[in-house]
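Close look at the chain arrangement
The primary structure of each chain is shown beneath.
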Amino acid sequence: MPMLQWHTLKVNPYGEPLLLPIYDVVESVIAALKTSRQVLLHAPTGAGKSTGLPLAILDKSPLSGRIIMLEPRRLAARSVAERLAEQLNEPVGVTVGYRMRAETKVSASTRLEVVTEGVLARMLQQDPELNGVSLVILDEFHERSLQADLALALLLDVQEGLRDDLRVLVMSATLDNQRLSSLLPDAPVIVSEGRSYPVARSYHPLPAHQPFEQSVGSAVLRLLQQDTGSLLLFLPGVSEIQRVLAQLEGKVNEDTLLCPLYGALSLSDQRRAIAPAPTGMRKVVLATNIAETSLTIEGIRLVVDSGLERTSRFEPKSGLTRLITQRISQASMVQRAGRAGRLEAGVCWHLFSQEQAERAPEHSEPEILHSDLSSLLLSLLQWGCRDSNQLHWLDNPPQPALAVAGALLQRLGALDDKQQLTARGWQMAGSGSEPRLAAILCSGKILHAGKVPCSAPGQRHVALAAAAKLVAILEDPPRRGHTDLIDWIASNQRHWQQRTSQLIRSLVGQHEQREIGNALENVSPDLIAELLVQGFPDRIAKNRDNQGRFQLTNGSGVALEREDPLSGESWLVIPSLQLPSLQQGNSNPDARGLLACSLNIEQIIRQHPLLFTEHAAVEWDDCKGSLRAWKRLQCGRLIVRAQPLSKPSESELHEALLNWVRQEGVSVLNWSPDAVQLRIRLQRATEWLPEVAWPAVDDDALLSSLEQWLLPALGGVSDLKGLRQVELFPCLMDLLDWQQRQILDNELPTNYTVPTGSKMTIRYFNEKPPVLSVRMQEMYGEQQNPVLAKGRVPLVIELLSPAHRPLQITQDLAAFWRGAYRDVQKEMKGRYPKHLWPDDPANTAPTRRVKKYM
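This is a predicted model, so every value here is computed, not measured.

How each quantity is defined
Residues numbered from 1 in each chain as written. Predicted model: local features only at pLDDT ≥ 70, side-chain atom pairs only at ≥ 80, totals over all residues. Heavy atoms only, no water. Helix = DSSP H or I, 4+ residues; strand = E, 2+ residues; numbered from the N terminus. Rg over C-alpha atoms; globule rule 2.2 N^0.38 Å. Buried < 20%, exposed > 50% of the residue type's maximum accessible area, 1.4 Å probe, protein only. Contact = heavy atoms within 4.5 Å. Areas by Shrake-Rupley, 256 points an atom, 1.4 Å probe, with all protein chains shown as cover. Lys, Arg positive; Asp, Glu negative; His and termini not counted. Charge placed at Lys NZ, Arg CZ, Asp CG, Glu CD. Phe/Tyr/Trp six-rings, centres within 6.5 Å; stacked < 30°, edge-to-face > 60°. Lys NZ or Arg CZ within 6 Å of the ring centre and 35° of its normal. Salt bridge = Lys/Arg side-chain N within 4 Å of Asp/Glu carboxyl O. Axes fitted to C-alpha atoms, helices over the stretch in contact; angles between N-to-C directions. Parallel < 35°, antiparallel > 145°, perpendicular 65-115°, else oblique. Left-handed = near helix turned anticlockwise from the far one by under 90°. Nonpolar A, V, L, I, M, F, W, Y, C, P; charged D, E, K, R; others polar. 1 Å grid on protein atoms, 1.4 Å probe; cavity = no way out; pocket = protein on both sides within 12 Å on 5 of 7 lines; lining within 4 Å. Points joined across faces, edges and corners; volume = space filled by probe spheres on them. Domains from an automatic or database assignment. Polar contact = N/O pair within 3.5 Å; in protein donor to acceptor, adjacent residues only side chain to side chain. Core = buried A, V, L, I, M, F, W, Y, C linked by side-chain atoms within 4.5 Å. pLDDT = per-residue confidence, 0-100. Pairing = 2+ DSSP bridges.

Overview of the overall build of the protein
- Tallying secondary structure elements over the protein gives 30 helices and 33 strands in all.
- Relative to the 2.2 N^0.38 estimate, which gives 29 Å for 854 residues, the radius of gyration of the protein is 36 Å and therefore markedly larger than a compact globule would have.
- Counting all 854 residues of the protein, 53% fall into the buried class.
- Contacts in the protein between residues far apart in sequence, at least 24 positions, make up 67% of those at least 6 positions apart.
- Accessible area for the protein stands at about 39,100 Å²; split by element, carbon and sulfur atoms hold 47% of it.
- Between the mean site of the 91 positive side-chain charges and the mean site of the 95 negative ones, the protein shows a separation of 4 Å.

Quick look at the structure:
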């Protein structure tokens, strides 16, 4: 390897050579790698861990094999590889190379490969022993990307069973050392100091009365006026970048360049943002959190931090992903501020209060806890791991998300009934694409090979090319324009050509790729729809109102713009959609359709009959006020066809009645006072007597168990009138066994026997204690307040006058007799002289009668 001049890799603005702090720990890292299979490195921003340490290890360590370094972001991976190669005075692809989706620059002489986006996981799947590799570096591990977590789990498995000589170096700027050390107890922890240049951090909360982009733009202009140097502005997403950019255009000085920076930007625009400003000029880089780590943006000494980031949240219940804007963690604040002090003293303005900063979480939540895990599960099954608990994780994959992932893979044909990979599943796993898109590629290859009938006659020769371009578009979707995928497929944009060619070549080889690569003219909409259904069977959607509102097979709503040409189509398949944000005041629950394709539903029924089911349903017709029976063909919850049936059977009638109750709620049933009181007693018993396993009787529990408690009472019931006459008290009692009934009657009785022998009703409530209303004379002689639930709940005694009007409410009868009773006695003696008002009621015999009859 060419000799490096370690002390002159960078100079500060005064031309003084800089020594990267990471060089102080190079020997410690190399020594640790000799004796330990895993090493943890904590190196703050500016230490040089990404651009200094890998070359130092190559130059000084005895490792004979290649080094693989995982970077979580494509832009950072390319930038780091280029910076490393530049230090060797070589082009990328000689000693230092990189691999990422759709782009690879390596050679036989490459000793250090920077990889990203699942490339490492695919390398492990293809060669579990990683032959020829001595060290794997997981850079910026604090970002806790899903791929980094998966890579670490697989690498630990390789070390345990295949390669005890393989070394793993986990390094980060804000490492959660305690948790990582728990996972890797034998791994030494090495700490490197960061850059010593101070950053003056201050807090500037945005005014609430101004639009966000206006407030941020004003803050940027103020800082540019006060200080020199280029400025890095962190914003949550592309839309905010564009709005703030519009605010700044025309207001900054002529010597200031405005440069957006985000992942979907073209490579040339990304390089422009990263490169040094021309001599005599400064620049303002408007970036997402892509600029937080690894990426070196030349000349930055000013940072403005909005304190926000945009992240995706997968919702297992709907199977959809929601983009949310949230406050960043304290670790991210430190990272962002650190970008200002790489070469000299800097300034960072946080556009929020110090109190908000102190309330922020210490670290960001790992992706594995809120992501779609279908790709991860497919990788685990390909690895031979059917139980995720067999691997070592920093955070275990959530079981609900894994269950949803398994259901999706089975629906895509990747898994069989025993949750094992099918032949199609193995093909999908080896494609390198996420499962839905892998299913599309497999279908295109099968159609191209003539193994199944093609929906569009004469289109078989373009099936593979159409599938490849479709996947290229869905991997990197257009940011603007119409939603119709057919138009995007037919377009000749160079944007997707390289990825399309790569996908075709991976499926059929380079020779055949040249023959079919350009066969995309006049592609049939039916073919595109057929391919999309293969990857998105759950995204079939039916028009609800011809105003752009559709419903998916799972019942969720999707909306297109009203003026969208597809808004009037009867059926669509919508592969790209996004749940609305959770911002306050957003009352529209429908997801937004981003890319879609019209669908011939009859053709899909013929091609994919397993997506459809027939149901005989009986339901209440509100318009006619009667029950009606239907035979329906459905795709999930979507009704494709329906025809009326003759008189339904009793079981079908009962099913319809239960469905009506589920739709309307249990409040439509005949809740007598006794049934209401029994339900409340059971709910309070759950609270007061938790040692007993009481049945749940809240609305959700009752609706989910109608077959258990309501259906047995429907004998002879054939309409809503009969349903409303069903007495619910015995239905609820049947939920209790004999022992539960005895405990309920003893500890939460329906009545209480007062000293006169009268049985008085106890009234139970959901939000306050139970109450016993009784005339005061009948409680004479009762010295202690009655209690319920094994003495845990004092009964509220409502003492009544002879005319049954409230005189006193108490939960401490003995205290009342000794105290407040005297005032009641004086007043009542004059008002009710015929009744007994003794001086010592606690020791007086109770009575129901007046003095004359005593």
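Next, the rest of the story.
Here we look at the packing of aromatic side chains
- Summed over all chains, the structure comprises six aromatic pairs.
- Relative to Trp496, the ring of Trp488 has its centre 5.8 Å away and its plane inclined at 85 degrees; by these criteria the two rings are edge-to-face. Per residue, the accessibility class of Trp488 equals that of Trp496, and both read buried.
- An aromatic cluster is built from Tyr780, Phe816, Trp817 and Tyr821, whose rings are joined through pairwise contacts.
- Over the ring of Trp671 we find Arg679; its NZ or CZ atom is 5.0 Å from the centre of that ring.

Quick word on the pattern of salt bridges
- Tallied over the full model, the rule gives 35 salt bridges.
- Glu113 is the salt-bridge partner of Arg99, the closest N and O atoms lying 2.7 Å from each other. In this pair, Arg99 is assigned in strand β5 (residues 96-100) and Glu113 in strand β7 (residues 112-115), connecting sequence segments 14 residues apart.
- Classification of Arg99 as partly exposed rests on a relative accessible area of 27%.
- Assessed through its relative accessible area of 2%, Glu113 is described here as buried.
- Between Arg741 and Asp734 there is a salt bridge, with its nearest N and O atoms 3.5 Å apart.
- Take Asp734: its relative accessible area is 61%, and that puts it in the exposed class.
- Among the charged side chains, a network of salt bridges with common partners joins Arg544, Asp545, Arg549 and Asp590.

Some words on the packing of helix α14 (residues 423-430) against helix α15 (residues 435-449)
- Interhelical geometry of α14 versus α15 gives an angle of 115 degrees and a closest axis separation of 9 Å. Relative to α15, the element α14 lies roughly perpendicular. Like other packed secondary-structure pairs, α14 and α15 cross with a definite hand, here right-handed. Here α14 contributes Arg424, Gln427 and Met428 to the contact with α15, which in turn contributes Pro435, Ala438, Ala439, Cys442, Ser443 and Ile446.
- Of the residues in the contact of α14 with α15, the class split is six nonpolar, two polar and one charged.

Structural notes on empty space enclosed by the protein
- Under the defined criterion, the tally for this structure stands at three cavities of 30 Å³ or more.
- Lining the second largest cavity, in full, are Leu70, Glu71, Pro72, Leu138, Asp139, Glu140, Phe141, Glu143, Arg144, Ser145 and Ala148.
- A per-class count over the lining of the second largest cavity returns five nonpolar, one polar and five charged.

Regarding the domain arrangement of the protein
- Under the domain assignment used here, the protein contains domain 1 (21-191), domain 2 (199-368), domain 3 (667-747) and domain 4 (752-831).
- One C-alpha centre belongs to domain 1, the other to domain 3, and the line joining them spans 61 Å.

Brief notes about the side chain of Ser215
- As for its placement among the helices and strands, Ser215 is situated in helix α7 (residues 212-226).
- Reaching out from Ser215, the side chain makes a polar contact with the side chain of Gln210 at a distance of 3.0 Å.
- When residues no more than four places from it in sequence are discounted, the contact partners of Ser215 are Leu206, Pro207 and Gln210.

So, the nonpolar core
- If you look at the biggest cluster of nonpolar residues, it comprises 60 residues, and the most contacted ones within it are Trp709, Leu710, Leu723, Met776 and Trp817.
- At six residues, helix α23 (residues 673-688) tops the list of elements feeding residues into this core.
- When residues of this core are assigned to domains, at least three map to each of domain 3 (667-747) and domain 4 (752-831).
- Look past the residues within four positions of Trp817 in its chain and what remains in contact with it is Met776, Met779, Tyr780, Glu782, Arg822, Pro841 and Ala842.
- The next biggest cluster of nonpolar side chains, apart from the first, holds 57 residues, and it includes Val115, Leu380, Ala439 and Cys442.

Some points on the confidence of the model for the protein
- Overall, the predicted model of the protein reaches an average pLDDT of 87, with 92% of residues at or above 70.
- In the predicted structure, residues 3-17 sits below a pLDDT of 50 and forms 34 contacts with residues beyond four places in sequence or in another chain.

Some details on the sheet that holds strand β27 (residues 751-753)
- Reading across from one edge, β27-β28-β29-β32-β33 is the order of the five strands in this open sheet, with mixed pairing throughout. Both edges of this open sheet fall to β27 and β33 (806-810), since each of them pairs with a single strand only. Pairs of neighbouring strands in the sheet enclose a mean axial angle of 30 degrees, with direction left out of account.
- Across four bridges, strand β32 (residues 796-800) lies against β33 in antiparallel orientation. Across the sheet, Glu798 pairs through a bridge with Ile809, a residue of β33.

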